Amino acid sequence: MTYTGEVKVGGPADVHELADLMISKVAVGSMNNNAYLLRCRATDEQLLIDAATEADTLLSLIGDDGIASVVTTHRHADHWGALAEVVAATGARTYAGAYDAEGIPVPTDVPVADGDTVRVGRVQLTARHLVGHTPGSIALVYDDPHGHAHVFTGDCLFPGGVGNTHGDAKAFASLIDDVEHKLFGELPDETWVYPGHGNDTTLGAERPHLAEWRERGW
């Protein structure tokens, strides 16, 4: 089946099969949060991005092989609601942006800064610190050596715009600057975007709208 990234709460995961990495996307909870399970095809090690809620759903997706680590993209509660249960069940290491770790009630084992590497088996992800939605939001970039890049953006980039900055002009300016420079400025149009809620997109689909996002201010 061709991966679309269109998932529904209560429905099955959608699986994006890459040469070195398998990405399983599932929707959970009343806010339609996305959680992503990454599996290194060479080692079978797994990493979860955002233990949002519905621990039973996430643990079923993880399966008997467990996970080595959980990355929380930012401090908002809808992205870590199941973190304590998932960590208790799996013993996984926890990662989060260094400036958001204090806002996450489960201790962060590895605070992450801009440019840091997070590994799942033999696969390397690069963290990008994006300021505005929260002080310490991070995106994770997988530069696939066999194809185009993939980026997990949390709540910093969606189809149609950047994340909510609640009418704060300074926060919006910071977020769109970071997104434009660190994502659009460094990654090609083919880059696949996996957001924290809703459907996926690509940088190429969103790039023509950057100026209008700046003009509208959200």
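Residues numbered from 1 in each chain as written. Predicted model: local features only at pLDDT ≥ 70, side-chain atom pairs only at ≥ 80, totals over all residues. Heavy atoms only, no water.

So, about the overall build of the protein. Scanning the protein from N- to C-terminus turns up five helices and 15 strands. Dimensions along the principal axes, computed over C-alpha positions, put the protein at roughly 50 × 35 × 30 Å. For the protein, the residues scored as buried account for 52% of the 218 residues in total. The contacts in the protein between residues at least 6 apart in sequence include a share of 52% that link residues at least 24 apart. (Helix = DSSP H or I, 4+ residues; strand = E, 2+ residues; numbered from the N terminus. Buried < 20%, exposed > 50% of the residue type's maximum accessible area, 1.4 Å probe, protein only. Contact = heavy atoms within 4.5 Å.)

A few words on the nonpolar core. Residues Leu21, Ile23, Leu38, Leu47, Leu125, Leu140 and Phe152 are the most contacted members of the largest nonpolar core, which totals 22 residues. For this core, the secondary structure elements donating two or more residues are strand S2 (21-28), strand S3 (33-40), strand S4 (46-49), strand S8 (117-120), strand S9 (123-129) and strand S10 (138-143). Apart from the residues lying within four places of it in its own chain, the contact partners of Leu47 are Tyr36, Leu37, Leu38, Ile67, Ser69, Val71, Val118, Arg119, Val120 and Leu125. In this structure, Ala55, Leu58, Ala82 and Val86 belong to the second largest nonpolar core, which totals 21 residues. (Core = buried A, V, L, I, M, F, W, Y, C linked by side-chain atoms within 4.5 Å.)

On the basis of which strands lie adjacent, the open sheet formed by six strands has the order S8-S9-S10-S11-S14-S15 and mixed pairing. Of all the strands in the sheet, just S8 and strand S15 (201-202) have a single pairing partner and so form its edges. (Pairing = 2+ DSSP bridges.)

Within a sheet, adjacent strands bond to each other through the backbone by hydrogen bonds, running parallel or antiparallel. One open sheet holds the seven strands; their spatial order is S1-S2-S3-S4-S5-S6-S7, and the pairing between them is mixed. Sheet topology places strand S1 (14-17) and strand S7 (110-112) at the edges, where each strand pairs with a single neighbour. Each strand of the sheet is rotated relative to its neighbour by a mean of 20 degrees, with strand direction disregarded. As paired strands, S1 and S2 are joined by four bridges and run antiparallel to one another. Bridge pairing in S2 links Asp14 to Lys25. Against the sheet, helix H1 (residues 55-62) contacts S2, S3 and S4, and its axis sits at roughly 160 degrees relative to S2. (Axes fitted to C-alpha atoms, helices over the stretch in contact; angles between N-to-C directions.)

Summed over the entire model, instances satisfying the criterion amount to seven aromatic pairs. Consider the rings of Tyr36 and Phe152, whose centres lie 5.3 Å apart with planes at 65 degrees: the pair is edge-to-face. Taken together, the residues Tyr36 in strand S3 and Phe152 in strand S11 (residues 149-154) connect sequence positions 116 residues apart. With respect to class, Tyr36 is no different from Phe152; both count as buried. Taking the centre distance of 6.5 Å and the plane angle of 45 degrees together, the rings of Trp192 and Tyr194 count as tilted. Among the residues examined, Tyr194 registers a relative accessible area of 0% and is labelled buried. (Phe/Tyr/Trp six-rings, centres within 6.5 Å; stacked < 30°, edge-to-face > 60°.)

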